[in-house]
Amino acid sequence: MNQNPLLSTSLTVAWSGKLPVLREVAFEMARGEILGLAGSSGSGKSTLALALLNLLDRRRATISGHVTFENRNLLAMAEPELRRIRGRAISLVLQSPAAALNPALRIGTQMREAWRAHQAGDGAEAISGALAAVSLPEDAQFLRRYPAQISTGQGQRVLIAMAILHRPQLLIADEPTSALDAITQTEVLDLLEHCNRQFGTAILLISHDLGALAAVCHRVAVLSEGAVVECDTVERIFRSPAHAFTRQLTRHARAALEFAGK
Amino acid sequence: MKRARLFAVVALALVYAVALGARFLAPADYAFQFREAPNAPPSVRFLLGTDELGRDRLSRVFVAAQTSLLLAPAAAALSTLLAALIGATAGYIGGWWEKLTMAGVDLFLSLPWLFLLLTVRAVLPLDTTPALSVMLTFAILGCLGWAASARVICAGVRQLRNSGFVLNARALGCSPARLLAVQLGPNIKPVLWAQFLVSIPVFVLAEANLSMLGLGVAEPLPSLGGMMRELENFSDLGSQLWRLAPLALLFACITAFQLFSSSREVQA
Amino acid sequence: MIRAARLRVACALSVLCLLAPLRSFAQGELRFCLHADPKTFNPLMVDDDASEAVRYLTGGTLVRLNRRSQQLEPELATRWKTSSDGRRIEFTLREAVRFSDGSPFGAEDVAFTMRSLMDPALHSPLGDSFRSGPGEPQIEVTGSNHIAITFPAPVAGLDKLFDEVAILSAQSPLKERAVLGPFVLADYKPGLFVYLKRNPNYWKKDSAGRPLPYLDSVRLDVQQNREIELTRFRRGEIQLINAIDGEYFDRLQAQSPAEAFDAGPSFDSEEMWFNQSPSAPLPSWKLGWFRSTEFRQAISSAINRQDMSRLVFNNHASPAAGPVSPANRFWFNSRLKPHSYDPAAALRLLRQAGFRVDAGVLHDSGGHAVEFSIVTNSGNKARERMAAMIQQDLGAIGIKVSIVTLDFPSLIERMTRSFNYEACLLGLVNTGLDPNAQMNVWLSSGENHQWNPAQKTPATPWEGEIDRLMRAQASATDPSRRKQFFDRVQEIAWEQQPFIYLVHKNALSAVARNVQGADPVVLSPQTYWQIERMKISNERAAN
């Protein structure tokens, strides 16, 4: 659709000796776009998120195809070069802050490590900017806390703050709301939308919840049994779902939306 | 737990003060043989009695504490550091490198290292001072003692390797070196600390065993291990409990280290 | 159920095991330990301690060295005579003696034994000690009870050598199993035990005319571990220990003083020497000290041997004067006394030799501070303590001594190949009474001439003198002439102190209270040298 997409992929991933979990998963993303990726649990969503950053253990997973980001295939790139892209051009927000934050390090230390991965100095300004952008307190006292001493919502914001620290062109968020309660979920989604508008960051939002995706995404791709079965604007997906699985997803989403009074 | 920690800190501080100031605090020259009073029981003159050659046991315990309790932790630190480097790298990289390293560890554990110690002792110049030779002995012990700890540390790191925060750090673009040092380091610190503490008595006893073979600390310098040689083949300990002083000191120190470390963990 | 039954069987078996020794003690069985399996039961081929013990208990000899008086006594020979040139010996044999299998004993058996022993094809270590020159001995049977043996060259101490020659039967089909000693080999389980039974045909009788030996049997258990040996002794499972360590001795003495025997100074000595080898990689001034007679004498007088015997050996040792222990009654030079502890005299000697003391440190005439290291073998507590005492004694005259303990192979490497050591502290084990056994130590060309081994020509006049005296004593046959020569060797060694002899350890042994007739001595076999007269009382020793 686009002459020069930010990201385009065609991915097949199999864990050693088993049937592929992703089968020629192909989609493109334009700059500044929010693309939703919907799929039930076990459809290979998380595997896809990691594969896009070439973070899968290549000793256990067989990966073929390509992940072309700004005309370069990340799958063919050497590790040092990949490291320069991860966290700076493409960042990843993991599902659970409880697991993704280092329990033994203070929040401040973890933010600083994220900064130092790509730039010199202590990055104090950038860190407070990022914390402010995700509506977290930026005082020293908060930075001195350990992950166990903050709430899950705050944890998720910290993960997002780390992810946007270097103003990436693409942010991949893997189920960023699944660990949160409904109100916090909305706040986090608003936050992502805000980042998209403010910094022009393209976002790949991965979720099992089509309703949540509908609220923020420009387009939605539907992943079923390891393949993209449909990819279109939110409106069209809801109006005329082509695939049986999409129809099932939209029914659930409508019910939820009606229940929430939208 | 607070009280236990305080007790441990005070006890360790006291022991180390004595160890550091041994030469000033010792009531007699640790090497001087009061030949008219061998095997003396405790008295005002000899608070812990004397050994077979009439040397003041209290003074010898002080100097032994200096040799053993300063050098054994140093050797423990050295071996834990080596174990951390080797074990953490293997655990983090995993795969064939881990297998190779662990095979190396097995081989290392099964080699008869006593021969290395023998050889080193045999090629040292004969005029090497006892102090230097004991430092070398502990340095070698430190260099040889890493293998078992490396295995434990490797297992710890292997578990952490697949954790969410390591994945997150990789996704943030952290380099492997910083990831190991900054992200994994603090998480395996309790393991390292435990390995360090476990190693201290091991090294004190290793030195004692070497002393049994006559390869430990050279006469007349005492070490806790060397002094414990007095206890072998001794049937009448019950009535001469003061002879157990070096053993009691070692035991107290290890207990204090344990209390200190366990209360730390509770706090963290 | 099966497991319980098995356990019960095991318990029953272990009870049986406990009872078995109790029963056998009542039958007059003596038990003690061998530290290894005997390598041979052929008395002519004996070369190890275990085989020697079996030979002593089973073999009959023409003469026997009384282990207490150290004199030869008649045994199967009632009379003997050595010729003045030391080449020929004649024996008159005891009559009406029979081997254990009943075959008669006579001159032909002695001739057969000697011929077998001297057969070059046999390669008998014992035979070698009779070989003083080329050629075969002539053996003449001059009657049924009379034999004369003539050797091609004089053999030093010829008559005493027959103490080790167990006579074999020339006719018995049992060959060497037919014996003339008090016991007969009855059973042998390698690694476990050697079982000896009373020889019913043994010729000796006690003063009341009762046949000897009194004991029914002797059981020799093969046991390497000395610790276990002592435990078994304390449990009453064995009755004799020939040689025990000072530490065990003190433990035993504390618990049961009547069972611990200190027979006085043994033949073994502990000594220290300085490296005088010209190939030693040492600074020339150090070699200069070590080659100075005054320096060595001063060191010797600065060491307190009394303190050493008292503290290190708990009085189970005596200050040593020289290579020969006073326990060696004939060869010991009784005019020599151990150098007495006299630091003032030591300093006088050192000043004479140009040394001086500055600020408590001894310096040589070139201004070098006097310090040296003593190497000794690692793991020997007594030697480490002796070294620590020497360290303090020499510190008192301003000499700094450091102690280095080395594993045995490295020590030997330094002593015999690299010569890279300054002083060495070691012990010398003497097995024979005769000075010929020490030839290799005293000859300047000898490999065991430790302070400066394998010299082409004697480095000093006194070493030349020792060479001459040692050769003279070896070729002389008259014992008193030989003694004169060897006395002089001991005197030179005492003056020159090439070996600084420190102490003779005492011979310590253990004999259970229920054993009668044992008279522990220094010479091997310390506790059972008069086995045929030993008895064991029926009740177990009360512990």
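What counts as what
- Residue positions are given per chain, counted from 1 along the sequence in the order it is written.
- All chains are assigned letters beginning with A, and all ligands numbers beginning with 1, in the order in which they are written.
- pLDDT decides what is reported in this predicted model: residues at 70 or higher carry local features, side-chain atom pairs at 80 or more are listed and counted, and totals for whole chains, interfaces and linings draw on all residues regardless.
- Side-chain measures were taken over the full set of non-hydrogen atoms in the model, leaving aside hydrogen atoms and water.
- For the purposes of this entry, the term helix denotes a DSSP run of H or I that reaches at least four residues, the term strand denotes a run of E that reaches at least two, and both are numbered from the N terminus.
- Any residue under 20% of the maximum accessible area for its type is buried, any over 50% is exposed, and the rest in between are partly exposed; the area is computed with a 1.4 Å probe on protein chains only.
- Contacts: residue pairs with any heavy atoms within 4.5 Å of one another.
- Note on charges: Lys and Arg go in the positive column, Asp and Glu in the negative column, and His and the chain ends are not counted at all.
- The atoms used to mark charge sites are NZ of Lys, CZ of Arg, CG of Asp and CD of Glu.
- What the globule rule says is 2.2 Å times the number of residues to the power 0.38, and the radius of gyration is computed from C-alpha atoms.
- Surface accessibility in these figures is a Shrake-Rupley result with a 1.4 Å probe; residues are shielded only by whichever protein chains are displayed.
- Buried area counts how much accessible surface, traced with a 1.4 Å probe, disappears from two parts once they are put together, with both parts' losses summed.
- Any Lys or Arg side-chain nitrogen found within 4 Å of a carboxyl oxygen on Asp or Glu counts as a salt bridge.
- Whenever a nitrogen or oxygen atom comes within 3.5 Å of another N or O atom, the pair is scored as a polar contact, on the condition that within protein one atom can donate a hydrogen and the other can accept it, and that pairs from neighbouring residues in sequence are kept only if both atoms are in side chains.
- To count toward a patch, a residue needs a relative accessible area above 30% and no salt bridge. Like charges then connect within 9 Å, nonpolar side chains (Val, Leu, Ile, Met, Phe, Trp, Tyr) within 5 Å.
- You can read pLDDT as the predictor saying how much it trusts each residue, on a scale of 0 to 100.
- One bridge is not enough; two strands pair if DSSP finds at least two bridges between them.
- To get an axis, fit a line to the C-alpha atoms, keeping to the stretch in contact for a helix; angles then go from 0 to 180 degrees between the N-to-C directions.

Visitor: Teacher, can you tell me more about the overall build of chain B here?
Guide: Summing up its helical and strand segments, chain B has 11 helices and zero strands in all. Starting at the N terminus, the α and β elements of chain B follow one another as α-α-α-α-α-α-α-α-α-α-α. The C-alpha extent of chain B, read off along each of the three principal axes, is 75 × 50 × 35 Å. Split into buried and exposed, the 268 residues of chain B put 53% on the buried side. The long-range fraction of contacts in chain B, counting pairs at least 24 apart against all pairs at least 6 apart in sequence, stands at 70%. Charged side chains of chain B number 20 positive and 14 negative; the gap between the two group centres comes to 15 Å.

Visitor: Is there a simple way to explain the overall build of chain C in this structure?
Guide: For chain C, the helix and strand inventory stands at 16 helices and 21 strands. For 543 residues, the compact-globule estimate of 2.2 N^0.38 gives 24 Å, and chain C sits close to it at 27 Å. In terms of principal-axis extent, the alpha carbons of chain C reach across some 80 × 75 × 40 Å. The proportion of buried residues among the 543 residues of chain C is 54%. Summing over all exposed atoms, chain C offers an accessible surface of approximately 23,500 Å²; the carbon and sulfur share of this is 52%. For chain C, the separation between the mean place of its 62 positive charges and that of its 60 negative charges on side chains is 4 Å.

Visitor: Would you mind showing me how to read the interface of chain B and chain A here?
Guide: Interface size is often expressed as the accessible area that is lost when the parts come together. Of the residues lining the interface, 19 residues belong to chain B; the matching set on chain A comes to 24 residues. Summing both partners gives a buried area of about 1,900 Å² for chain B against chain A, and 56% of it is carried by carbon and sulfur. By the criterion of area lost to chain A, the three top residues of chain B are Asn168, Ala171 and Leu172 of chain B, representing 29% of everything that side buries. Our count for the contact surface shared by chain B and chain A stands at one salt bridge. Taken together, the connections running from chain B to chain A amount to seven residue pairs in polar contact (both at pLDDT 80 or more). Those elements that provide at least two residues to the side of chain B that touches chain A are helix H8 (164–171) and helix H9 (176–212) of chain B.

Visitor: How should helix H1 (residues 45–52) of chain A be read in this particular structure?
Guide: The α-helix winds at 3.6 residues per turn, so residues separated by three or four positions along the chain end up facing the same way. Residue and element names in this part refer to chain A. Of all eight residues in H1, seven are buried, a share of seventy percent or more. Among the residues of H1, Lys45, Thr47, Leu48, Ala49, Leu50, Ala51 and Leu52 are the ones counted as buried. Phi turns positive, to about 55°, at Asn54, one or two residues after H1.

Visitor: Which parts of the structure should I look at to understand a nonpolar patch on the surface?
Guide: Residue and element names in this part refer to chain B. On the surface, Ile93, Trp96, Trp97 and Leu100 cluster together into a nonpolar patch covering about 440 Å² of accessible area. Top contributing element to the nonpolar patch by residue count: helix H4 (residues 95–110), with three residues. Within the element layout of this structure, Trp97 appears in helix H4.

Visitor: Looking at this model, I keep getting lost on the confidence of the model for chain C. Mind explaining?
Guide: Detailed conclusions should not be drawn from predicted coordinates in areas where pLDDT is low. Residues and elements named next belong to chain C. Of the residues in chain C, 94% reach a pLDDT of 70 or more, and the chain-wide mean stands at 88. When pLDDT is averaged over each element of chain C, helix H9 (residues 293–302) comes out on top at 96 and helix H1 (residues 2–25) at the bottom at 42. Ignoring residues within four places in sequence, the model shows residues 1–26, a span with pLDDT below 50, making nine contacts including any to other chains. With a pTM of 0.74, the predicted complex shows an ipTM of 0.82.

Visitor: In this structure, what is going on with the sheet that holds strand S10 (residues 227–233) of chain A? I would like to understand it.
Guide: Remark on secondary structure: sheet strands pair via backbone hydrogen bonds, oriented parallel or antiparallel. All names here are of chain A. Across the sheet, which stays open at both edges, the six strands sit in the order S6-S7-S8-S3-S9-S10 with mixed pairing between neighbours. Single-partner strands in this sheet number two, and they are strand S6 (90–93) and S10. For this sheet, the mean inter-axis angle between neighbouring strands, taken without regard to orientation, is 15°. Pairing of strand S3 (residues 34–39) with strand S8 (residues 202–207) involves five bridges; the strand directions are parallel.

Visitor: Could you clarify how one ought to interpret the sheet that holds strand S5 (residues 72–73) of chain A in this entry?
Guide: Residues and elements named next belong to chain A. The strand order across the open sheet formed by four strands is S2-S1-S4-S5, and the pairing between neighbours is antiparallel. For this open sheet the edge positions go to strand S2 (20–29) and S5, each flanked by a neighbour on one side alone. Judged from the seven bridges that link them, strand S1 (residues 7–15) and S2 form a sheet pairing that is antiparallel. Across the sheet, residue Ser10 finds its bridge partner in S2, namely Ala26. The strands that H1 touches are S1, S2 and strand S4 (61–69); relative to S1, the one it contacts most, it runs at about 120°.

Visitor: Help me understand the interface of chain B and chain C in this model?
Guide: If you look at the interface, chain B gives 25 residues, while chain C gives 32 residues. Each partner contributes to the roughly 2,400 Å² buried at the junction of chain B and chain C, and carbon and sulfur atoms together form 48% of this total. For the interface between chain B and chain C, the tally reads three salt bridges. Residue Asp307 of chain C is joined to Arg35 of chain B by a salt bridge in which the shortest nitrogen-to-oxygen separation is 3.3 Å. Where chain B meets chain C, there are seven residue pairs in polar contact (both at pLDDT 80 or more). When residues of the side of chain B that touches chain C are assigned to their parent elements, the largest contribution, four residues, is made by helix H5 (residues 114–123) of chain B.

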